[in-house]
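One letter stands for each residue in the lines below.
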Amino acid sequence: MSDYDYDLFTIGAGSGGVRASRMSAAHGARVAVAEERYMGGTCVNVGCIPKKLFAYAGHYAEDFEDAHGFGWTAGKPSFDWPTLVANKDKEIARLNGIYERLLTGAGVTVFKSRARVVDAHTVEIEGRRLSARHILVATGGWPVVPNIPGKDLAITSNEAFHLARLPKRVVVVGGGYIALEFASIFRGLGVDTVLSYRGDCLLKVFDSDLGTFLGAEMAKKGVRICLRSHIVSIERRGDNLVCGLSDGATIETDAVMYATGRNPNTTGLGLERAGVDLAANGAVIVDDRFQTNVASVHAIGDVIHKVQLTPVALAEGMVVADRLFGQGRRTLDYRHVATAVFSQPNVGTVGLSEAQARHEYADIVIYKSTFTALKHRLSGRNELTLMKLVVDKATDRVLGVHMVGAEAGEIIQGFAVALTCGATKAQLDATIGIHPTAAEELVTMREPVAG
Ligand code: NDP
């Protein structure tokens, strides 16, 4: 196919890198991948997968309590953190193996070491230089902790997955995905949990009803939520950590976990020297076909300046493989990327928020419903579910579907298909619900709450 050592050299064997590499190999390309840390990247090792396993673990506490209302009595439940961590690690090791076999089975050469870009067609690895017709940067991101005194005393989600002991008290900093998921996990596992967020509405990037509603539900479950809270220092005093706040107050705790965003992993990769344009935070700048300003260098996933989600990285990888070695017809539409936050309760969302829709459309209609799920009529739990639809009045098109409640991710996935197909509110109304489910509420909301 070319005079280069490889047709494609991918740096990073996370979700995006692995998908692009094996799809390129399936098109007949000679592909190599370099991975210095772990096969499967953030998602498999310190992200989606272990997080969801921990979220299941955290939810059992409520499941044991809820069972009483259904006639069950069992002994006092107890929880063993090392068992959870060990079982999670076993599952991750299994997945690491699967990822590696996916690559080798597709004929991809795997280097388990760090690669560096030398120039537009050269990569340096294990002391030698290899040439490639195309280079794909898929090195992901890394948690950022703001530069405050004592920042080294804080952990991030990376370390939270491997703590030797579960702390009795924790302060989680941030108001986004990871902060809310981990605050819920810790609380579910019985940890005295404080959530410290600098803003006044959690999950700022989503429809504002979601963050407000979720915050209230998490507070009911015992998470102490501190809004407009600014931690300015962390200090060790004996066995305790003390967080100093901007108003002079302090919070004493056993662990402080920062979930304040993730920066692209481009430091020391050689990209600037190769002439590749980077954004101020180090993100690789690409066009809508994931090509950088250096024509032979592409980038996908968390390392670019777009959406940091595994399924998005996979889709980007497919576009690149198809563009470089296939038909070149695939494109990616980010408009209906559905997403879920695996907090307790879950959040699921797709499409435009009410505020975005008001900005983009002349006239919109909002449908909203808050209710107690059937299960909690007997469990006695005071958890509420929120469902919300955002509709364009002129065309009747559904612009956004938002939910806080059990299995929100599972429910919203189906509605993402509907939105991708351009569903109207009339089509939702014409859909027969499945009874009794929470999801049926989304096809039975008749009265708008606001126009
Ligand atoms: P997010 O961008 O979701 O949230 C970061 C939070 O940290 C925001 O609330 C932000 O505040 C706050 N913050 C940022 N800088 C500071 C600072 N200097 N001091 C105090 N607070 C600060 O990032 P996460 O780290 O939670 O997650 C990274 C990405 O990973 C997510 O954006 C998401 O794309 C992905 N992810 C997806 C998951 C899923 O699909 N379920 C799960 C976990 C992560 P403000 O709101 O004011 O900006």
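A brief structural summary. What you are looking at is a predicted structure, and each value in this text was computed from that prediction instead of being measured.

1. Considering unusual backbone geometry
And then number 1: Omega for the bond connecting Gln344 with Pro345 falls within 30 degrees of zero, at -5 degrees, which places this linkage in the cis form.
And then number 2: By secondary structure assignment, the location of Pro345 is in the loop between strand S17 (339-341) and strand S18 (347-351).
And then number 3: Omega for the peptide link from His435 to Pro436 comes to -10 degrees, which places this bond in the cis form.
And then number 4: One non-glycine residue, Asp396, lies in the positive phi region at around 70 degrees.
And then number 5: Locating Asp396 in the fold gives a position in the loop between strand S20 (385-392) and strand S21 (398-404).
And then number 6: For Glu407, which is not a glycine, the phi torsion comes out positive at approximately 60 degrees.

2. Quick notes on the sheet that holds S17
Sheet strands pair via backbone hydrogen bonds, and the direction of the pair is either parallel or antiparallel.
And then number 1: If you trace the five strands from one edge of the open sheet to the other, you get S17-S18-S21-S20-S19, paired in antiparallel fashion. In the strand order of this sheet, the two ends are held by S17 and strand S19 (364-371), each with one partner. Adjacent strand axes in the sheet meet at a mean angle of 10 degrees when their direction is disregarded.
And then number 2: One ladder, built from three bridges, connects S17 with S18; its direction is antiparallel. Looking across to S18, one finds that Ala340 is bridged to Gly348.
And then number 3: Helix H11 (residues 408-420) rests against S17, S18 and S21 of the sheet, and its axis sits at about 175 degrees to S21.

Parameters and conventions
Residues numbered from 1 in each chain as written. Predicted model: local features only at pLDDT ≥ 70, side-chain atom pairs only at ≥ 80, totals over all residues. Heavy atoms only, no water. Helix = DSSP H or I, 4+ residues; strand = E, 2+ residues; numbered from the N terminus. Pairing = 2+ DSSP bridges. Axes fitted to C-alpha atoms, helices over the stretch in contact; angles between N-to-C directions. Contact = heavy atoms within 4.5 Å.

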